[in-house]
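# Architecture at a glance
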Amino acid sequence: MVYFKFPFSENICTTDSSSTKKWVSFFSFDGSEILPFEGDIKQISQQEFLKNEINTHFLSFNLNGFEEENQNDYQEKLANVIGFIKQNNLSKLVISRRELLNYNGLKINLTQTFLNLCKSYPNAFVYFFIKEGKCWMGAFSEILGKFNKKNSQFETMSLAGTISVNDNWTKKEIEEQKPVTNFIRNVLGKFSENMEQSETYDHVSGNIKHLRTDFKAQITQENLENIISELHPTPAVCGIPKDLCQNAIEQFEKYPRKLYAGYIKVETEEYIQYFVNLRCAEFFKNAALIYVGGGITAESSVEKEWQETELKAEAILKNVAFT
Ligand SMILES: C=C(O[C@@H]1C=C(C(=O)O)C=C[C@H]1O)C(=O)O
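Residues numbered from 1 in each chain as written. Predicted model: local features only at pLDDT ≥ 70, side-chain atom pairs only at ≥ 80, totals over all residues. Heavy atoms only, no water.

When helices and strands are counted, the protein chain shows 7 helices and 16 strands. Its C-alpha atoms give the protein chain a radius of gyration of 19 Å, within 12% of the compact-globule value 20 Å for 323 residues. For the protein chain, the spread of C-alpha atoms along the principal axes amounts to about 55 × 50 × 35 Å. Evaluated residue by residue, the protein chain yields a buried proportion of 55% over its 323 residues. Put simply, the protein chain shows about 14600 Å² of open surface, and 45% of that area lies on carbon and sulfur atoms. (Helix = DSSP H or I, 4+ residues; strand = E, 2+ residues; numbered from the N terminus. Rg over C-alpha atoms; globule rule 2.2 N^0.38 Å. Buried < 20%, exposed > 50% of the residue type's maximum accessible area, 1.4 Å probe, protein only. Areas by Shrake-Rupley, 256 points an atom, 1.4 Å probe, with all protein chains shown as cover.)

For any two helices packed against each other, one specifies the crossing angle of their axes together with the interaxial distance. Between helix H2 (residues 71-87) and helix H6 (residues 242-253), the shortest axis-to-axis distance is 11 Å and the interhelical angle comes to 155°. Compared by their axis directions, H2 and H6 come out roughly antiparallel. Helix-helix and strand crossings are classified by hand; for H2 and H6 the assignment is right-handed. Together, Lys77, Asn80, Val81 and Phe84 of H2 and Leu244, Ala248, Phe252 and Glu253 of H6 make up the contact between the two elements. Grouping the constituent residues of the contact of H2 with H6 by class yields 5 nonpolar, 1 polar and 2 charged. (Axes fitted to C-alpha atoms, helices over the stretch in contact; angles between N-to-C directions. Parallel < 35°, antiparallel > 145°, perpendicular 65-115°, else oblique. Left-handed = near helix turned anticlockwise from the far one by under 90°. Contact = heavy atoms within 4.5 Å. Nonpolar A, V, L, I, M, F, W, Y, C, P; charged D, E, K, R; others polar.)

Moving on to the sheet that holds strand E1 (residues 2-5). Within a sheet, adjacent strands bond to each other through the backbone by hydrogen bonds, running parallel or antiparallel. The 8 strands are arranged E5-E2-E1-E7-E8-E15-E16-E6 in an open sheet whose pairing can be described as antiparallel. Two strands bound the open sheet, and with one partner strand each, they are strand E5 (40-44) and strand E6 (93-102). Within the sheet, the average angular offset between the axes of one strand and its neighbour, ignoring direction, is 20°. Here helix H7 (residues 302-317) sits on the sheet in contact with E6, strand E15 (280-283) and strand E16 (287-296), set at roughly 140° to E16. (Pairing = 2+ DSSP bridges.)

The subject of this paragraph is the pattern of salt bridges. As enumerated under the stated definition, the model contains 18 salt bridges in all. Lys22 is the partner of Glu38 in a salt bridge, and the nearest nitrogen-oxygen pair spans 3.8 Å. Of this pair, Glu38 sits in the loop between strand E4 (34-37) and E5 while Lys22 is found in the loop between strand E2 (12-16) and strand E3 (24-27), placing the two residues 16 residues apart along the sequence. Among the residues examined, Glu38 registers a relative accessible area of 40% and is labelled partly exposed. With a relative accessible area of 45%, Lys22 lands in the partly exposed category. Note that Glu305 is salt-bridged to Lys172, the shortest N-O span being 2.7 Å. Here the residue Glu305 occupies a position in helix H7, and Lys172 occupies one in helix H4 (residues 171-191), the gap between them amounting to 133 residues. The same class applies to Glu305 and to Lys172, which are both buried. Each of the salt bridges in this network shares a partner with another, and the network as a whole consists of Lys92, Lys172, Glu176 and Glu305. (Salt bridge = Lys/Arg side-chain N within 4 Å of Asp/Glu carboxyl O.)

In this model, H2 (17 residues) spans 24 Å end to end at C-alpha, consistent with the 24 Å of a helix rising 1.5 Å per residue. Inspection of H2 places Tyr74, Gln75, Lys77, Leu78, Val81, Ile82, Phe84 and Ile85 among the buried residues, and these make up the whole buried set. All buried residues of H2 fall inside an arc of 170° around its axis, so they share one side. Every exposed residue of H2 that faces more than 90 degrees away from the buried side is listed here: Asn72, Glu76, Asn80, Lys86 and Gln87. In this fold, the buried residues of H2 make contact with E6, H6, E16 and H7. At the N-terminal boundary of H2, the capping side chain belongs to Asn70, with an oxygen 3.0 Å from the backbone nitrogen of Asn72. Residue Asn89 follows H2 closely and has a positive phi angle near 55°. (Expected span 1.5 Å × (residues − 1). Arc of directions from axis to C-beta. Polar contact = N/O pair within 3.5 Å; in protein donor to acceptor, adjacent residues only side chain to side chain.)

Of all hydrophobic cores here, the largest spans 72 residues; its most connected members are Phe4, Phe26, Leu93, Ile95, Tyr127, Phe129 and Phe154. Those residues in contact with Tyr127 that sit more than four places away from it in its chain are Tyr3, Phe4, Phe26, Phe114, Trp136, Met137, Gly138, Ile264, Asn277 and Cys280. Formed by 30 residues, the second largest nonpolar core is a distinct cluster that contains Ala124, Phe128, Ala288 and Ile316. (Core = buried A, V, L, I, M, F, W, Y, C linked by side-chain atoms within 4.5 Å.)

Turning next to the packing of H2 against H7. Taken N-terminus to C-terminus, the directions of H2 and H7 make an angle of 125°; their axes are 9 Å apart at the nearest point. By the angle between their directions, the pair H2 and H7 is classed as oblique. Classified by chirality, the crossing of H7 by H2 is right-handed. Residues Gln71, Tyr74, Gln75, Leu78, Ala79 and Ile82 of H2 lie in contact with H7, whose contacting residues are Val302, Glu303, Glu305, Trp306, Gln307 and Thr309. Here the contact of H2 with H7 is composed, by residue class, of 6 nonpolar, 4 polar and 2 charged.

Written out as structure tokens, the structure reads:
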């Protein structure tokens, strides 16, 4: 089963298994896995959603033998990443880690956690699913693409650079967001002759903010899937050149990202939308893994990058409801 909420909406949606059409699918970061949910999208009331509490005791698998990277390990790794960035003259490389949430014998009320995320992030796409023993939940507002079926307008955004809501932007974040914007402009330019680009502005997400530039372009529907596969993974979650950066990510991270930094495709009557799967966690019977990362540049401070991942993990952690 899958539950989700669209940005700026309060309605909880699910899929109705009476149809075999697949309107909701999760794509892994490396493209090797697609998790489709069959059925038409339907709205359900909060009462109906809350009727059956779903908690982590219902899950099939325990997390065993997981060794969490501590601050020192992570910072050491990032120092090597910065060396690699300089050596290869990269504008940025996005590196992540997995933060462990041990339940210490308690259980998590997943239904309530989902509702807390919906309330904390009104502008986010929030989802929660259990399928084939896998359980993931996430809440973020980055769009890889939004296609309007009626007028063939395609929208996307360049979102990067992270600081606490009360801090001021520095050169590091401003420089870090530019390659994302340039990359998106180049890809869209191949498919559209009338593209609009907005000013760059602040995008607030709970306790942190990012730099954001919006794009709008007229495209043809036949090109939609090509555009998405050229865009994904954008330098907001990977780096450029794509292949070199994807390889470097595999070498440095040493674990598969699975659905983290992948995307979720949701098709409705009017739109086909693709949401970037960030600020997300994978839940097990005894513990959860929160996936968090950030764009590393030659100017990065390893300590600040660690703090950034702590802030991002906090976005999920403070919404977790134990029972
Ligand atoms: C990689 C993540 O977030 C992405 C990276 C950002 C950054 O490097 O500043 C900001 C927003 C997201 O596009 C994450 O949340 O794990």
